[in-house]
Amino acid sequence: MTKPGEAPGSLESAHHVTGLAATMTVVAMGLGYSISYADPTILSSNISEVRAGLDMTGSTASFVASLATLALAAAVLGAGALGDLYGKRRLFIIGLFATVAFNLLAAAAPNSAVLMVARAGAGLGFALLLGLSLAIVNDVFPPERRAAAIALYLGVSFAVSAPQPAIGSILADHLGWRVGFLVAPVVAVITLVITLRFVPETPRSARKLDLAGLGLVAVALLAIVYGISRLSEGLKVGAVVPIAVGAVAAVGFVMRELRTPAPALDLRIFKSRQFSIAVSAGATYNFLTGGCTILFAYYIVAIRGEDPALLGLLLVPATILQAIAATGSGRAATRFGDKAVLIAGLVILLAGLLVLTVLEKNSSMLLLFASVALVMIGGAVVQTPQSTIMMASAPSDLGGAVSAVKCATGQAAYSLGPTLFALIGTSLFVQDGLEKLRGSKITEDQAKEALRVAHGGTSSGSGGTNVLDPQRAHDVVTAATDSMIDAIHSLSLVMAAVPLIAIVLALVLLRPEKPTPNA
């Protein structure tokens, strides 16, 4: 409620925490974040077993695997707005209950229809966890302690996220695919206990709920993220139409928010150079992380012929380093300022891309690990100042919505990364590779399909001359290994422009700041 004398829409003073309560609040929020990240990965890792268990078609299984992420993308800004209005802690707890209930429903699903309902519901729960966890940390810590708290929150998130997919896969392998859905509920129950005991309720806004705006942004995010995910099949109706619908809804959202007296998101915050650069830096990290995963998979599976699980093994120590880097970046931001740390993170991301330009077929796996680790560490270093800058720019009654903006832009950028990397990489490969395959009667479409099949994907076709069997697909790629290596080198150089642009923008547009003295 608004206190006497406060302007409408303002918040009551935040309840700041100290000591054990402060630490446990950060831990709880980090656990909540980790669920939204790890649970979809667990399902993706075991989707073949789920598909067989429920007798689903390939297209249905693919949709089920992405459904929670799509629901999260559509609902995350609404989750932030609801948290501002009705209390972030309360909505965060509802997200935990939703995670438990819908994952239990997924574990018991008798058919694909029930599983779809369960995954959509779980995605809504994840939106509350992801969209509100950062905002709660921002609310309960005073400005002078906020950077360190956000850094610890991210460190906990990365550290706890790392083992969950491995645990889920092990359980699914030994006890059946249904057990894989139980990892998130266990973590959610632990998070719930800590939240109820230590996390204070956050202030509420007196603003009205902008249902029309939230509906438009939900359609925009859902359509754009879904359309981007379909671009890997080319500029076809199934990709172009959703993106066009999303763009129209996004324009409608902007027009609505500029005109309504109580917008779901006050777009004036984008006039802040600090805020806009922070959003761009975070999008850069998410874009490169999603895209580089494709390159790592191509290199390990298609070029070296290794088991796809090797990438998962490399990600475990890289994620541990990421957690350490996230925690350390808070201290660095306190000492050197957010701008310096943000730029340092972007430089590390750039270094990770440049390492890929020197990879060869028989390079040491340590070189590949260096690239994986640099990308992960760079992203962790970027996220602490990004989060601090964004939340510091947020109006007092829009903390949840601004936190959700970070999640929404990150989700869209992460979805775009693999698609754009795959499209450009495939084109580079085909341009050079077809020269080496002359006389093989392999068409350009078949060469593109070969890439998809050989690096561990499945044929997207429904039969006919454009589809190669997996063994022949692998043979095609093997015959043009040099072309694949060249494609990775060229693509890495092309994509290096993304962090370079972000670095230049940060250098030019971010205002100088004085480091916060140690408390």
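Residues numbered from 1 in each chain as written. Predicted model: local features only at pLDDT ≥ 70, side-chain atom pairs only at ≥ 80, totals over all residues. Heavy atoms only, no water.

### Some remarks on the overall build of the protein
Heads up, the condition is: Here a helix means four or more residues in a row that DSSP labels H or I, a strand means two or more in a row labelled E, and each is numbered from the N terminus. Exposure is judged per residue with a 1.4 Å probe applied to protein chains only, and the accessible area is read against the type maximum: over 50% gives exposed, under 20% gives buried, and values in between give partly exposed.
When helices and strands are counted, the protein shows 19 helices and zero strands. When the 519 residues of the protein are sorted by exposure, 54% land in the buried category.

### Remarks on the pattern of salt bridges
Spelled out, the test is: One side-chain nitrogen of Lys or Arg within 4 Å of one carboxyl oxygen of Asp or Glu is enough to make a salt bridge.
Applying the stated criterion across every chain, the model contains four salt bridges. With a shortest N-O distance of 2.8 Å, lysine 88 and aspartate 139 are connected by a salt bridge. Placement of the pair is lysine 88 in helix α4 (residues 88–107) and aspartate 139 in helix α5 (residues 112–140), with a sequence separation of 51 residues. In this pair, the class of lysine 88 matches that of aspartate 139, namely buried. Ionic pairing is found between aspartate 210 and arginine 256, a salt bridge with its closest N-O pair at 2.8 Å. Residue aspartate 210 is found in the loop between α8 (183–198) and α9 (211–230), and its partner arginine 256 is found in helix α10 (residues 237–259); the two are separated by 46 residues along the sequence. Take aspartate 210: its relative accessible area is 3%, and that puts it in the buried class. Linked by salt bridges that have partners in common, Asp84, Lys88 and Asp139 make up one network.

### What to know about the confidence of the model for the protein
Keep this limit in mind: One confidence number per residue, pLDDT, is output by the predictor and ranges from 0 to 100. Contacts were defined at the residue level, with two residues in contact if any of their heavy atoms lie within 4.5 Å.
When pLDDT is averaged along the protein, the result is 81, and 83% of the positions lie at 70 or above. Low pLDDT (under 50) marks residues 454–468, which in the prediction has 31 contacts with non-local residues, meaning those over four places away or in another chain. Across residues 514–519, confidence stays below pLDDT 50; counting only partners more than four residues off in sequence or on other chains, it has six contacts.

### Considering unusual backbone geometry
A positive phi is found at aspartate 55, a non-glycine position, where the angle reads about 55°. Structurally, the position occupied by aspartate 55 is in the loop between α2 (47–54) and α3 (58–86). Take aspartate 55: its relative accessible area is 68%, and that puts it in the exposed class.

### Notes on α9
What counts here: Multiplying 1.5 Å by the helix residue count minus one yields the expected span of that helix.
Counted at 1.5 Å a residue, the expected span for α9 with its 20 residues is 28 Å, and the 29 Å between its end C-alpha atoms agrees. For α9, the set of buried residues is Gly213, Leu214, Val217, Ala218, Ala220, Leu221, Ala223, Val225, Gly227 and Ile228.

### Comments concerning a nonpolar patch on the surface
Which entries qualify depends on this criterion: Nonpolar side chains (Val, Leu, Ile, Met, Phe, Trp, Tyr) within 5 Å and like charges within 9 Å form the patches, drawn only from residues with over 30% relative accessible area and no salt bridge. Computed with a 1.4 Å probe, the accessible areas rest on the Shrake-Rupley method; for each residue, only the protein chains presented here act as cover.
A cluster of nonpolar side chains, Val219, Val237, Val241 and Val245, forms an exposed patch at the surface whose accessible area comes to about 330 Å². Here the element with the most residues in the nonpolar patch is α10; it accounts for three residues. Inspection of the secondary structure puts valine 241 in helix α10. In this structure valine 241 comes out as partly exposed when scored by relative accessible area, which is 44%.

### A word on the packing of aromatic side chains
Formally: Side-chain rings of Phe, Tyr and Trp, where Trp is taken by its six-membered ring, are said to pair if the distance between their centres is within 6.5 Å; with planes under 30 degrees apart they count as stacked, over 60 as edge-to-face, and otherwise as tilted.
Here the structure, examined in full by the defined rule, presents three aromatic pairs. Considering the side-chain rings of tyrosine 33 and tyrosine 153, the 5.8 Å spacing of their centres and the 80° angle between planes classify their relative orientation as edge-to-face. Of the two residues, tyrosine 33 sits in helix α1 (residues 19–45) while tyrosine 153 sits in helix α6 (residues 143–161), which places them 120 residues apart along the sequence. The interplanar angle of 80° and the centroid separation of 6.1 Å between the aromatic rings of tryptophan 177 and phenylalanine 181 together place this pair among those described as edge-to-face. Each member of the pair, tryptophan 177 together with phenylalanine 181, is buried.

### Description of the packing of α5 against α6
Going by this rule: The axes used here are C-alpha line fits, helices contributing only the stretch in contact, and every angle between their N-to-C directions lies in the interval 0 to 180 degrees. Each angle is binned into one of four classes, with values under 35 degrees roughly parallel, values over 145 roughly antiparallel, values of 65 to 115 roughly perpendicular, and all other values oblique. In a left-handed crossing the near helix is turned counterclockwise from the far helix by less than a right angle, and in a right-handed crossing that turn is clockwise. When residue character is reported, Ala, Val, Leu, Ile, Met, Phe, Trp, Tyr, Cys and Pro are called nonpolar, Asp, Glu, Lys and Arg charged, and the others, Gly included, polar.
Two elements in contact, α5 and α6, have axes separated by 9 Å at closest approach and are oriented at 150°. The angle between α5 and α6 places the two elements in the roughly antiparallel class. With respect to the hand of their crossing, α5 and α6 are arranged in right-handed fashion. Residues Ser133, Leu134, Val137 and Asn138 of α5 lie in contact with α6, whose contacting residues are Arg146, Ala149, Ile150 and Tyr153. Of the residues assigned to the contact of α5 with α6, the class counts are five nonpolar, two polar and one charged.

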